[in-house]
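Residue-level structure breakdown
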Amino acid sequence: MIVVLAGGVGAARFLEGLVQVAPPEEIVAIINTGDDMVFHGLHVSPDIDIVTYTLAGIVDESQGWGVRDDTTHTLSMLAQLGAETWFKLGDRDLAVHIRRTELLRAGWTLSEVTDAFRRALKVGVRLLPMSDDQVATEICTPVGWLHFQQYLVQRRARDEVLGVRFIGIDRARPAPGVIEALQQADAVIIAPSNPVVSVGTILSVPGVRDAVTSTPAPVVAVSPIVAGAPIKGPAAPLMRAVGLDVSARGVAVCYRGVIDTLIIDQADAGLADEIRAFGIEVVVTDTIMHGRAAKRRLAETTLSAARTATRRRP
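Residues numbered from 1 in each chain as written. Predicted model: local features only at pLDDT ≥ 70, side-chain atom pairs only at ≥ 80, totals over all residues. Heavy atoms only, no water.

1. So, the overall build of the chain
A tally of regular secondary structure across the chain gives 13 helices and 14 strands. Considered along the principal axes of its C-alpha atoms, the chain spans approximately 60 × 45 × 40 Å. With 314 residues in all, the chain has 55% of them scored as buried. When contacts within the chain are restricted to residue pairs at least 6 apart in sequence, those whose partners lie at least 24 apart make up 68%. For the chain, the computed accessible surface area is about 13,300 Å², with 49% contributed by carbon and sulfur atoms. Of the side chains in the chain, 31 bear a positive and 35 a negative charge, and the two mean positions are spaced by 1 Å. (Helix = DSSP H or I, 4+ residues; strand = E, 2+ residues; numbered from the N terminus. Buried < 20%, exposed > 50% of the residue type's maximum accessible area, 1.4 Å probe, protein only. Contact = heavy atoms within 4.5 Å. Areas by Shrake-Rupley, 256 points an atom, 1.4 Å probe, with all protein chains shown as cover. Lys, Arg positive; Asp, Glu negative; His and termini not counted. Charge placed at Lys NZ, Arg CZ, Asp CG, Glu CD.)

Take a look at the structure:
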């Protein structure tokens, strides 16, 4: 069993490659839910949806999120009625949120809803929310604390980042199956996701970091930073806000004590010795996932690194 800690577009694209080289039924994705938010009275789970849509083959690849060829008639009418529509939700996308909210109100857990949806959309990978409990990632800015979606989407990440917090994390419990998957894994992979507000949120759920550090499986991470910049998203200001260099070295510092091996891009080969000095093995490869073949190659390299990894965690 291969367990992947996943958040957003980078993780979804990595999983696209992984299902080409490993049976989907042998893969478990533990997905960040700190970005979840209520819009128009509906429970939206952005990272779960990005991963689900991608593996179902219906994602809008030009955006990396949403449903391909979706329409926005509902959003247009909501705007005409005076609703805020800064978070773009297509009509088919809204159907998912309507049904999710309906089931949650009927007493289903987020885990149960997520599993039902991935089966309905014929996704073979098992998808687990990090927690069924509500957690909200918030960003401290000069205008106050903002939900991550407000910071990223509504305000286009233009505010200075002064801090990050996860509301409700202390009370959150790992979703059913999360700890068991980590304990029973043959390999644990941290996808190329934001290390602060995607992977960091997952690792902050009580019990999860301990399960990752204590698993007998090798733990391999893929750096989302290439040549000093994130491939996608606002990782740079968030990493700086928590005292990390915006580099593959900064990713290594973030994951020190958690991983055995870090996959870095060829552009960062010069940082390999510095990262090894932290007690982390390094594999240098092309980590840019342009196209199906590139995604497959990165997945193959990552699995190969897991097979040959030596435990380096304390």
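2. Considering the packing of helix α4 (residues 91–105) against helix α5 (residues 110–120)
Axis separation between α4 and α5 bottoms out at 10 Å; the angle between their running directions is 140 degrees. Put simply, α4 runs oblique to α5. Judged by the twist between their axes, the crossing of α4 over α5 is right-handed. When α4 is examined against α5, the residues V96, R99, R100, L103 and L104 are found in contact with a partner set consisting of L110, V113 and F117. Broken down by class, the residue content of the contact of α4 with α5 amounts to six nonpolar, no polar and two charged. (Axes fitted to C-alpha atoms, helices over the stretch in contact; angles between N-to-C directions. Parallel < 35°, antiparallel > 145°, perpendicular 65-115°, else oblique. Left-handed = near helix turned anticlockwise from the far one by under 90°. Nonpolar A, V, L, I, M, F, W, Y, C, P; charged D, E, K, R; others polar.)

3. Observations concerning the packing of aromatic side chains
Each aromatic ring pair is characterised by the separation of its centres together with the angle its planes make. Taken as a whole and assessed by the stated rule, the structure comprises four aromatic pairs. Plain terms: the ring middles of F39 and W86 are 5.4 Å apart, the flat faces sit at 75 degrees to each other, and that makes the pair edge-to-face. Of the two residues, F39 is situated in strand β3 (residues 37–39) and W86 in the loop between α3 (73–80) and α4; the sequence distance between them amounts to 47 residues. Among the residues examined, F39 registers a relative accessible area of 8% and is labelled buried. (Phe/Tyr/Trp six-rings, centres within 6.5 Å; stacked < 30°, edge-to-face > 60°.)

4. Regarding the sheet that holds strand β6 (residues 136–141)
One open sheet accounts for three strands, arranged β7-β6-β8; its pairing is antiparallel. Edge positions in the open sheet fall to β7 (144–147) and β8 (163–167), since each of these has one partner strand only. On average, each strand axis in the sheet is tilted by 30 degrees relative to the strand beside it, whichever way the strands run. Pairing between β6 and β7: four bridges, direction antiparallel. Paired with T141 across the bridge in β7 is G144. (Pairing = 2+ DSSP bridges.)

5. Regarding the side chain of T114
As for its position among the elements, T114 is in helix α5. Classification of T114 by relative accessible area gives buried; the value is 3%. Within the structure, T114 has its side chain in polar contact with the backbone oxygen of L110 (distance 2.8 Å). (Polar contact = N/O pair within 3.5 Å; in protein donor to acceptor, adjacent residues only side chain to side chain.)

6. A closer look at the nonpolar core
Counting residues in hydrophobic clusters, the biggest one holds 55 residues, and the most contacted among them are I30, L182, I259, L262 and I275. Beyond its immediate chain neighbours, meaning those up to four positions away, L182 contacts V3, L5, I30, V188, V208, A211, V212 and T215. Core analysis: the second largest hydrophobic core is formed by 33 residues, V9, L15, I48 and A191 among them. (Core = buried A, V, L, I, M, F, W, Y, C linked by side-chain atoms within 4.5 Å.)

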